[in-house]
Amino acid sequence: MRLAHCSDLHLLSLDGVRKLDFANKRWIGGVNLLTNRGRHYHTEAFEDMVADLNAVGVDHVLCTGDVTNLAFEQEFRFARVRFDQLTHGPGGVTVLPGNHDAYVDEGRVHFATVFADYATTDPGWAWDDGDPSPWPIVRVRGPTAIIGLSTSFQTPWFTAYGRCGEGQLKRLGQALSDPRLAGKARVVAIHHPPAGRRATSRIRGLKDHDAFAQVIAQHGAAVVVHGHEHRDLRERLPIPSGVVEVLGVPSGTYEAGKPEKTARYRVFEIEGDQVISHHLRVWHRDRRSFERDDHEPAASAASA
Ligand SMILES: [Fe+2]
Ligand SMILES: [Fe+2]
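Described in the following lines is the structure provided in the data block. (Residues numbered from 1 in each chain as written. Chains lettered and ligands numbered in written order. Predicted model: local features only at pLDDT ≥ 70, side-chain atom pairs only at ≥ 80, totals over all residues. Heavy atoms only, no water.)

Considering the coordination of the iron ion (ligand 2)
Part 1 of the argument: Coordination of the iron ion (ligand 2) by the protein is provided by Asp 66 (OD), Asn 99 (OD1), His 191 (NE2) and His 228 (ND1), with metal-donor distances spanning 2.1 to 2.3 Å.
Part 2 of the argument: All donors of the iron ion (ligand 2) come from a single chain, and their spacing in sequence reads D-x32-N-x91-H-x36-H.
Part 3 of the argument: The distance between the iron ion (ligand 2) and the iron ion (ligand 1) is 3.4 Å, with Asp 66 acting as a donor to both metals. Of this pair, Asp 66 sits in the loop between strand E2 (60–63) and helix H4 (73–83) while His 191 sits in the loop between strand E6 (185–190) and helix H7 (209–219), placing them 125 residues apart in sequence. Of the two residues, Asp 66 and His 191, both sit in the buried class. (Donors = N, O, S within 2.8 Å, 3.2 Å for Na, K, Ca; no water. Helix = DSSP H or I, 4+ residues; strand = E, 2+ residues; numbered from the N terminus. Buried < 20%, exposed > 50% of the residue type's maximum accessible area, 1.4 Å probe, protein only.)

Some points on the pattern of salt bridges
Part 1 of the argument: One pass over the full model with this rule turns up 15 salt bridges.
Part 2 of the argument: Glu 269 is the partner of Arg 2 in a salt bridge, and the nearest nitrogen-oxygen pair spans 3.1 Å. Note that Arg 2 is positioned in strand E1 (residues 2–6) and Glu 269 in strand E10 (residues 264–271), a separation of 267 residues in sequence.
Part 3 of the argument: The exposure class assigned to Glu 269 is partly exposed, which follows from its relative accessible area of 22%.
Part 4 of the argument: Linking Arg 204 and Glu 229 is a salt bridge whose minimum nitrogen-to-oxygen distance equals 3.5 Å. Residue Arg 204 is located in the loop between E6 and H7, and its partner Glu 229 is located in the loop between strand E7 (223–226) and strand E8 (233–239); the two are separated by 25 residues in the primary sequence.
Part 5 of the argument: Accessibility expressed as a relative area gives 31% for Arg 204, which makes it partly exposed.
Part 6 of the argument: Overlapping salt bridges bring together Arg 80, Asp 84 and Asp 117 as one network. (Salt bridge = Lys/Arg side-chain N within 4 Å of Asp/Glu carboxyl O.)

Some details on the sheet that holds strand E4 (residues 137–141)
Part 1 of the argument: Sheet architecture is open: six strands sit in the order E4-E5-E6-E7-E9-E8, paired in mixed fashion. Both outer strands of the open sheet, E4 and E8, are each paired with one neighbouring strand and no more. Averaged over neighbouring strand pairs, the angle between their axes works out to 20° when direction is ignored.
Part 2 of the argument: With five bridges joining them, E4 and strand E5 (residues 144–148) adopt antiparallel strand pairing. Note on E5: the bridge partner recorded for Val 138 is Ile 147. (Pairing = 2+ DSSP bridges. Axes fitted to C-alpha atoms, helices over the stretch in contact; angles between N-to-C directions.)

Regarding the environment of Glu 166
Part 1 of the argument: With respect to the secondary-structure elements, Glu 166 resides in helix H6 (residues 166–176).
Part 2 of the argument: A residue is classified by how much of its surface remains accessible, and Glu 166, at 74% relative accessible area, is exposed.

A short note on unusual backbone geometry
Part 1 of the argument: Here the bond from Trp 135 into Pro 136 is cis, since omega is 0°, no more than 30 degrees from zero.
Part 2 of the argument: A positive phi is found at Phe 158, a non-glycine position, where the angle reads about 65°.
Part 3 of the argument: The topology assignment puts Phe 158 in the loop between E5 and H6.
Part 4 of the argument: For His 228, which is not glycine, the phi torsion reads 80° and is therefore positive.
Part 5 of the argument: Within the secondary structure, His 228 sits in the loop between E7 and E8.
Part 6 of the argument: His 228 sits in the buried class, given a relative accessible area of 2%.

Considering the coordination of the iron ion (ligand 1)
Part 1 of the argument: The iron ion (ligand 1) binds to the protein through Asp 8 (OD), His 10 (NE2), Asp 66 (OD) and His 230 (NE2), with metal-donor distances spanning 2.0 to 2.2 Å.
Part 2 of the argument: Between the four donor atoms coordinating the iron ion (ligand 1), the angles at the centre fall across 85 to 172°, so the site counts as irregular.
Part 3 of the argument: One chain supplies every donor for the iron ion (ligand 1), spaced along it as D-x1-H-x55-D-x163-H.
Part 4 of the argument: Asp 8 gets classed as buried once you look at its relative accessible area, which sits at 0%.
Part 5 of the argument: Classification of Asp 66 as buried rests on a relative accessible area of 1%. (Tetrahedral: all angles 85-135°; square planar, octahedral: opposite > 155°, others 65-115°.)

Regarding H4
Part 1 of the argument: Within the span of H4, buried status applies to Glu 75, Phe 76, Phe 78, Ala 79, Arg 80, Arg 82 and Phe 83.
Part 2 of the argument: Contact partners of the buried residues in H4: helix H3 (43–56), E2, strand E3 (93–95) and helix H5 (106–114). (Contact = heavy atoms within 4.5 Å.)

Points about the pairing of E5
Part 1 of the argument: Of all five residues making up E5, five are buried, and the element is well covered by its neighbours.
Part 2 of the argument: Burial of the side chains of E5 extends over both faces: Thr 144, Ile 146 and Gly 148 are buried on one face and Ala 145 and Ile 147 on the other.
Part 3 of the argument: Hairpin remark: E4 followed by E5, antiparallel, with two residues in the connecting loop; positive phi at Gly 142, about 60°.
Part 4 of the argument: Bridge count between E5 and E6: five bridges; the pairing is parallel. Of the residues in E6, the one forming a bridge with Ile 147 is Val 188.
Part 5 of the argument: Note that the unit made of E5, H6 and E6 has a crossover that is right-handed. (Right-handed = clockwise from strand over helix to strand, strands pointing away.)

Rendered as structure tokens:
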């Protein structure tokens, strides 16, 4: 089983820019977007990634959020059209929301509407604890169980932090310990960084990263993947039998002359309940292609 992980596409519809409604918080993002993002984040990178994903034969694609910039409905629709080019279909592609997809509160509604079938939980995994939130979602595909969290909501200006929330963390523990996932490689997916220095940032971090770490410490996981920082990040969380790797992938569409941040995605090779190796595929804008980056050593993930 091969699982691809991408993140932070920030797909930009020029049509959308023209129609920007700069009411409330959006104007900051709008200015930022017009001055920077449009030059640095390239929709054609994601189009090339989709072609690559269709060609290299991954079994499932996972995107950990920030598919848009300002959470406009038309941005979600613009992004959806590109995701729909994946031959895997919505059942073979899992998309989580990031903070930009919840840039204003109604973004969460647009995500839930436009990306509904990319973020449905499997039958039998609806939560019955009285909380109407569907998160986390659980999607079992072959030997892999993806448990996807939602950590994003509208935050004050100049901040971009996230939070799992007590209820969602309780459910995460329930999912990780559910006998239906015994023997599966449990992949925990989250937008915000849940470990290391960046998790502790009061501006951009994950507020309840300690509580998240406790759940992982108690129940383990094959790997934790995240986005948000647009950097190749590697952290570890302790579990009684060792550690769990926590891997952040850079943006899937960024290209602005910084090789370490150039658009990429990661491919995990999964066997049994373990990640046995992973590698990166990086965008070569001049060739309009994604190619394997052999500078990253194939690493064994920690015990499940
Ligand atoms: Fe992002
Ligand atoms: Fe983000």
